[in-house]
Every structure is written in C-alpha cells, then in structure tokens.
Amino acid sequence: MSPSEIAKEKTGLTVLGPNDIFHFTCSPEMPCFTHCCRDITIFLTPYDILRMRRALGLSSSDFLARYTVTMIGDTGLPVVVLKMSDDDEKRCPFVTDAGCRIYADRPWACRIYPLQPESSKITEKAGKAYYSVLDIPFCQGLKSDSSWILRDWIESQGIDAYEQMETLLKRITNHEKITSDKITNQKIQDMYYMACYDLDRFRRFVLESSFLQRFEVSPEEVAAISNDDEALYRFALRWLEYGLLAQQVLKVNPEVMAAKKKELGIR
Ligand code: SF4
Ligand code: SF4
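For the structure given in this document, a descriptive report is provided here. (Residues numbered from 1 in each chain as written. Chains lettered and ligands numbered in written order. Predicted model: local features only at pLDDT ≥ 70, side-chain atom pairs only at ≥ 80, totals over all residues. Heavy atoms only, no water.)

To continue, consider the sheet that holds strand β2 (residues 43-44). Strand order in the open sheet made by the 3 strands is β2-β4-β3, with antiparallel pairing throughout. With one partner strand each, in any of the chains shown, β2 and β3 (68-72) form the two edges of the open sheet. Sheet topology places β3 next to strand β4 (residues 78-82); 5 bridges connect them, and they run antiparallel. Pairing of V69 across the sheet is with V81, part of β4. (Pairing = 2+ DSSP bridges. Helix = DSSP H or I, 4+ residues; strand = E, 2+ residues; numbered from the N terminus.)

Here it is as structure tokens:
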C-alpha cells in the first residue's frame, strides 16, 4: 500500500500524494473564468503580503490598510485576511476581466487551488505532504479531462518558495510556547504583526531605532536588511524566535549586556 493510500484509509478522505493524478484545467475561455475570484476568504501569509505589495509598488503599511482586515487567531497572534470589494459580488480587488492583475504574485491560496492540504503535523514532520481536491460546483475546470501529476502541479504554480517561507514561520507558530497558552498581551501581538506583515515598519525599527546598538548585526546583514525584503523577513523571524521563544539566535551587544547586568545587580 502506498503512503497516500495509507493516509486515505486513515482519514477516509480522497487524499493524494505527490505522484497521484487529479483532473483540472483553467483558462480565460472557461465559462466560469474569474468566478472563483469573488466572495472568498483568503488568509494572507506574510510572504504573500511581501510579494503582493511589492507587485503593486505599495509600502507594507499602505497595502495592509487598503486591502486587508486583521483578526486574532486561535493562538492569540494576529492573522490577516484579504478584503473583498464592497460591491454586490464581493469581487477580489485584484480581479479584472482579463484575470488576476497580480497573477505572478498571487497569494498561496490562489496558487494551490484546487488542491487543499490534508497533511498532519506528523506527516509534515516527516517531510510528506498530502492534498485533497476541492469540490467547487461552479468550477468547470474540475470537470476537465486534463490530468496533472500532483507534484508537477505544485511545481508549476511556484508554490515551493511559499512553502519554504511558511516552514520558517511555523517553527514559531507551532512551537509549544505559542500553542500552549493563548497570547493576550497586546505588545506581543503588535510585535508579531510588525515583524510578519508590516515589514517596512520593521525595517525602520531595525535601522532607525537603537536596535543596532543593542544587538550585534554584521555590516553584510545590515546591507541585506536594508535592500532585500526576503532577507528582512528572515531576520524578522529570527527576532521573533529570540523575543517569543527565548532562543539565542541574536547576539546582544556585550556592553549593553554588561550595563543591564550592572543595573540589575547581577555579576
Ligand atoms: S472557477 Fe475554476 S475553471 Fe473557472 S476560472 Fe476559476 S479556477 Fe478556473
Ligand atoms: S488574488 Fe488574483 S487569483 Fe487570487 S482571488 Fe484575487 S484576482 Fe483571483
């Protein structure tokens, strides 16, 4: 029995592994073209926002203010949802008659469609991913004879970069320090929101506050943080690991450390 068949038997779902086949196609000729881009709830990952706001030439703060709604998730950490338009159809703000105007930088949820992850923490830990195919009645593409091998579909949609960034984030959000007690401290919620979603603000926080006096950051890293959004986001995650999980992934300036010890009367 293959791993996907075992998973299927265990969950009772039609679970697909990387070598399984599903049927789907999508093109502007479909009668349902863009019908899927309305009245949907799309949770945006930090990497989605990094890509989308860059594609639109907006600062992260402007993008968040114009296109998103923030809620508090189960762990107490903020989650961000794409705001649909106020019209009757509640269309996505990025849909046009010709399709998605940010297609190359569309969010993960739009890339992965029509698949839905069915992996558990155990299968994820083992580096294995399983999916099911969504059942969307109006989507004519699901009735197509065109077939895809699942791993080829994932590759064709550029999902790998998104999953790599998400794996880094999950090291924090799935950590027992985060999942064991719901976070209610607003300062922590704000710190997480800035580091994950409002990266331009986080960049100013690092470069324009006393941050670089308090922590030892190499000149190369400062240059990367200044110019490269992906490097900035990776650094933001390290800062969260340091601040939320007490992991020694950032080095405090020894002089600052000595002054703090003196202040607290520690030798
Ligand atoms: S509803 Fe399905 S086939 Fe139609 S445009 Fe959307 S994804 Fe493509
Ligand atoms: S971001 Fe693009 S693909 Fe996703 S719902 Fe909006 S228009 Fe459709």
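This paragraph deals with empty space enclosed by the protein. Tallied over the full model, the rule gives 1 cavity of 30 Å³ or more. Taken as a whole, the largest cavity spans an internal volume of roughly 30 Å³. Around the largest cavity sit P46, I49, L50, R53, S60, Y197 and L199, which together line it. Here the lining of the largest cavity gets 4 residues from one element, more than from any other, and that element is helix α2 (residues 46-56). Of the residues that constitute the lining of the largest cavity, the class distribution is 5 nonpolar, 1 polar and 1 charged. (1 Å grid on protein atoms, 1.4 Å probe; cavity = no way out; pocket = protein on both sides within 12 Å on 5 of 7 lines; lining within 4 Å. Points joined across faces, edges and corners; volume = space filled by probe spheres on them. Nonpolar A, V, L, I, M, F, W, Y, C, P; charged D, E, K, R; others polar.)

Let us now look at the site of ligand 2. Contacts to ligand 2 come from C37, I40, I42, C92, F94, V95, C100, P107 and C110. Among the residues making up the shell around ligand 2, the classes are represented as 9 nonpolar, no polar and no charged. (Near = heavy atom within 4 Å.)

Looking now at the pattern of salt bridges. A complete count under the given rule lists 13 salt bridges for this structure. Its salt-bridge partner being R54, residue E230 comes within 3.0 Å of it at the nearest N-O pair. Here E230 is found in helix α13 (residues 229-245), whereas its partner R54 is found in helix α2, with 176 residues between them in sequence. Judged by its relative accessible area of 39%, R54 falls in the partly exposed class. R91 serves as the salt-bridge partner of E89, at 3.9 Å between the closest nitrogen and oxygen. (Salt bridge = Lys/Arg side-chain N within 4 Å of Asp/Glu carboxyl O. Buried < 20%, exposed > 50% of the residue type's maximum accessible area, 1.4 Å probe, protein only.)

Before going further, it helps to spend a moment on the packing of aromatic side chains. The relation between two aromatic rings is expressed through the spacing of the ring centres and the mutual angle of the planes. Following the criterion strictly, the structure yields 17 aromatic pairs and no others. Taking the centre distance of 5.9 Å and the plane angle of 75° together, the rings of F24 and Y113 count as edge-to-face. Of this pair, F24 sits in the loop between β1 (21-23) and β2 while Y113 sits in the loop between α4 (108-112) and β7 (115-117), placing them 89 residues apart in sequence. This pair shows no difference in class: F24 is buried, exactly as Y113 is. When the centroid spacing of 5.5 Å and the interplanar angle of 90° are considered together, the rings of F24 and W153 count as edge-to-face. Of the two residues, F24 is situated in the loop between β1 and β2 and W153 in helix α6 (residues 150-156); the sequence distance between them amounts to 129 residues. On the accessibility criterion, F24 (4% relative accessible area) is buried. (Phe/Tyr/Trp six-rings, centres within 6.5 Å; stacked < 30°, edge-to-face > 60°.)

For the rest of this paragraph, the subject is unusual backbone geometry. Along the chain, Y113 connects to P114 via a cis peptide bond; the corresponding omega equals 10°. Here P114 is to be found in the loop between α4 and β7. At T34, a position not held by glycine, the phi torsion is positive, near 75°. Of note, the phi angle at K90 is positive, near 50°, even though the residue is not glycine. One can find K90 in the loop between β4 and β5 (95-96). Judged by relative accessible area, K90 falls into the partly exposed class, the value being 40%.

A separate point is the site of ligand 1. Lining the immediate surroundings of ligand 1 are F24, T25, C26, M30, C32, F33, T34, C36, Y113, F138, C139 and G141. Looking at side-chain class alone, the shell around ligand 1 contains 9 nonpolar, 3 polar and no charged residues.

Read these as layout, nothing more, since geometry by itself doesn't imply function.
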